[in-house]
Amino acid sequence: MDIQKELRKMPEPDPEAIDRLRSKFRATRTERMPSKATWIAPALALAAAATLWVVLPGDAPRELTLNASGATETLTWSDQVQFEFSGHGTVSGTSQDVTVQWDGGRIAVQVAPNTGTELSIVTDEAIIQVIGTAFTVERDGTGVTIDVTHGRVAVDCVLADSEDAHVTNEIGTWTCLPLTAAGMETRADMLKETGASLQERLKIVNRGLEMAEIGTTQHGELLARRVEVLTASDMPAALADAENYLDAGYTTRKTEMQRSASRLALYQSCDRAMPHLEALQEVPSTDKLAMDAVLLAECLAPTEPERARTLLEQAVAELESDDLQRAQNALDGLGGK
Amino acid sequence: MSLAIPNPSLVPAALAREPGALDALAEAWLPHVYRWCHRLGGPSLDAEDAAHEALIVMCRRLDSVNSPAVFQSWLFNICRKIIANQRKRAWFKRWVPGAAVREQEFAGWGPDRSLEARRAAVMVWKVLERLPESQREVLVLVELEERTNAETAELLNIPTGTVKSRLRAAREAFRRDLQRITPHPSNAAPSAKVS
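K.L.:
Help me out: how do you make sense of the overall build of chain B in this one?
P.N.:
A count of helices and strands for chain B gives eight helices and zero strands. Put simply, chain B runs from its N terminus to its C terminus through helices and strands in the order α-α-α-α-α-α-α-α. When contacts within chain B are restricted to residue pairs at least 6 apart in sequence, those whose partners lie at least 24 apart make up 63%.

Rendered as structure tokens:
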């Protein structure tokens, strides 16, 4: 169906009506504009009508705002539909054709089966449609999670967690991904906390990087998260990302990225790692690590033994256990005291 | 069909209270305001009345506009509120004996338009009217006014992703409802959506 073509079947605004409106408006403007006081009576009448609109029984279209922060509230929309929610949104429609625009929080839906009731929950990330079932929708910064208790639903994510964006007629849990880089960053952190696989985390970070504008803090943060994930699986790629972070001039995690780059580069060669190790000697004293000096000294030993010795002697005072032993061995190799 | 956006310089001129600028601004936006009311209000709303009210509110409250850049979105929001109020009033009238709701007439349509075309138009209008307000708005702005998702997002003051998801939901609901009420042999088949 061509929706635009169907919509164009509607009558276009009548040019004569526009002329009438223009005349009416000019006439109003030439008179004194009505004061606010003259609007009080109609406003009160309108408020009364609106109140009646809410309380009158019947199956006319209705619209209600759902707003419960903290405690869970219950709304019986009709004999067929009941909600339990903590969060905010809007519910509209008739008893048998209901649409919920869900803005945030958790909403549990009970729809009586075999009543022909159609219900949709719309979030920025997904549309969930249901006939005769029970399910919950939870929306937070990490996306939307749909947990189907029983019955049937159709979930249509804008961005799905799995490859298949349309899941229908199955019981289980589905996640629709957030639509912003910030949401992807939050989701990546949540996945890390919950012990998700590196592959899952990498997928989310990559999606976030596709959304983030290069040069923004958001892009830098996501790049740093990718370095962390790739360090365990693809070190050359992690090194490239860390160096991209530094080249782009991001500052919030500069020392951390410099350190990551130095360690990743050492797996290739000292020459590759030296610029990063040298840069780490320039960071503020609060961010310095004695081990950075030991690694630099080890690389410098063949060419600049005196500087290597100085670095190691300074580091030894701050190191403990295995790190201290490593520095001591390096000093011994130089013929130190 | 989209209308050209009126001269942007009218807004700062009206905000600066230049003589005649407020009237010029209102007249320039009058066709837009009427179209929004006509399309978003549905057949049971008096679009002329709603547009008139919106223009009066615009003139009275223009001082509250912080920047000319937000004027269009601000004006659209006035229309939305007035339409919502008038729709509730129209609904209430159905319960008041003798207060029949005025159905918009096809004043612009000549006798050459068939009865069938008129029926089709009323059906489309009514299906549109049944959509939730948030979906009706994006459908009208994108499909009828031919605005881009970004323009629609700016007008409604919502993210572009929200426009996309609402548009998708609106298209789906519109298609479903229109098919449901359109007399067509294929509609006699049992629905696939049976629990």
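K.L.:
Where do I start with the confidence of the model for chain B in this structure?
P.N.:
Caution is warranted with low-pLDDT regions, since their predicted coordinates should not be read in detail. All names here are of chain B. Scored by pLDDT, chain B has a mean of 78; 77% of the residues are at 70 or more. Throughout residues 94–104 the model reports pLDDT below 50, and contacts reaching past four residues in sequence, or to other chains, amount to 11 contacts. Below pLDDT 50 for its whole length, residues 186–195 participates in nine contacts with residues either more than four positions away or in separate chains. Listed scores for the predicted complex are pTM 0.48 and ipTM 0.78.

K.L.:
Is there a simple way to explain the pairing of strand 3 (residues 97–111) of chain A in this structure?
P.N.:
Two faces make up the sheet, and in a regular strand the side chains alternate between them. Residue and element names in this part refer to chain A. Relative to strand 3, strand 2 (residues 81–93) is paired through 13 bridges, and the arrangement is antiparallel. Following the sheet pairing, Gln 82 is matched in strand 3 by Gln 110. From the end of strand 2 to the start of strand 3, which pair antiparallel, there are three residues. Pairing between strand 3 and strand 4 (residues 118–122): five bridges, direction parallel. What sits directly across from Asp 97, in strand 4, is Glu 118.

K.L.:
How should I be thinking about the packing of helix 5 (residues 198–211) of chain A against helix 6 (residues 217–231) of chain A in this particular structure?
P.N.:
Helices that pack against each other are described as a pair by the angle of their axes relative to one another and the distance between those axes. Residues and elements named next belong to chain A. For the pair helix 5 and helix 6, interaxial distance at closest approach is 9 Å and the crossing angle is 155°. Taken together, helix 5 and helix 6 sit at an angle that is classed as roughly antiparallel. For the pair helix 5 and helix 6, the sense of crossing is left-handed. For the pair helix 5 and helix 6, the contacting residues are Leu 198, Arg 201, Leu 202, Val 205, Gly 208 and Leu 209 in the first and His 219, Leu 222, Leu 223, Arg 225, Arg 226 and Val 229 in the second. For the contact of helix 5 with helix 6, a count of residues per class yields seven nonpolar, two polar and three charged.

K.L.:
Where do I start with the environment of Arg136(B) in this structure?
P.N.:
Residue and element names in this part refer to chain B. When you line up the elements, Arg 136 lands in helix 6 (residues 133–144). Residue classification places Arg 136 among the buried residues on the basis of 23 C-beta atoms within 10 Å. Remark: the alpha-carbon pair of Arg 136 and Leu 167, spanning 31 residues in sequence, is separated by 8.6 Å.

K.L.:
Would you take a moment to explain helix 6 of chain A for this structure?
P.N.:
Structurally, the α-helix is built with 3.6 residues per turn, so residues lying three or four positions apart point the same way. All names here are of chain A. Between its first and last C-alpha atoms helix 6 spans 21 Å; for 15 residues at 1.5 Å apiece the expected length is 21 Å, and the two agree. Judged by how many residues are buried, helix 6 sits mostly within the fold: 11 of 15 residues are covered. On its buried side, helix 6 packs onto helix 4 (181–193), helix 5, helix 7 (235–247) and helix 8 (254–266).

K.L.:
Can you help me understand unusual backbone geometry in this one?
P.N.:
It is generally the case that most residues other than glycine have a negative phi and that most peptide bonds are trans. All names here are of chain B. Positive phi outside glycine occurs at Arg 17, with the angle close to 60°. As for its placement among the helices and strands, Arg 17 is situated in the loop between helix 1 (10–15) and helix 2 (21–41). The class of Arg 17 is exposed, set by 10 C-beta atoms lying within 10 Å. Backbone geometry places Glu 146, a non-glycine residue, at a positive phi of 55°. Take Glu 146: it is sitting in the loop between helix 6 and helix 7 (149–156). What makes Glu 146 exposed here is the crowd of 11 C-beta atoms within 10 Å.

K.L.:
Hey, could you run me through the pairing of strand 2 of chain A in this one?
P.N.:
Residues and elements named next belong to chain A. One ladder, built from 11 bridges, connects strand 1 (residues 62–76) with strand 2; its direction is antiparallel. Bridge pairing in strand 2 links Leu 66 to Gly 89. Taken together, strand 1 and the strand that follows it, strand 2, pair antiparallel across an intervening segment of four residues.

K.L.:
It is not clear to me how the nonpolar core should be interpreted in this structure. Could you clarify?
P.N.:
It is characteristic of soluble globular proteins that their nonpolar side chains tend to be buried jointly. Ranked by size, the top nonpolar core spans 79 residues in total, and within it Ile128(A), Val33(B), Cys37(B), Ala51(B), Ala54(B) and Leu139(B) carry the most contacts. The contact partners of Leu139(B), leaving out residues within four places of it in the chain, are Leu128(B), Leu131(B), Leu167(B), Ala170(B) and Phe174(B). Formed by 40 residues, the second largest nonpolar core is a distinct cluster that contains Leu191(A), Val227(A), Leu239(A) and Met257(A).

Conventions we followed
- Residues numbered from 1 in each chain as written.
- Chains lettered and ligands numbered in written order.
- Predicted model: local features only at pLDDT ≥ 70, side-chain atom pairs only at ≥ 80, totals over all residues.
- Helix = DSSP H or I, 4+ residues; strand = E, 2+ residues; numbered from the N terminus.
- Contact = placed C-beta atoms within 7 Å.
- pLDDT = per-residue confidence, 0-100.
- Pairing = 2+ DSSP bridges.
- Axes fitted to C-alpha atoms, helices over the stretch in contact; angles between N-to-C directions.
- Parallel < 35°, antiparallel > 145°, perpendicular 65-115°, else oblique.
- Left-handed = near helix turned anticlockwise from the far one by under 90°.
- Nonpolar A, V, L, I, M, F, W, Y, C, P; charged D, E, K, R; others polar.
- Buried ≥ 20, exposed ≤ 12 C-beta atoms within 10 Å, placed from the backbone.
- Expected span 1.5 Å × (residues − 1).
- Core = buried A, V, L, I, M, F, W, Y, C linked by C-beta atoms within 7 Å.

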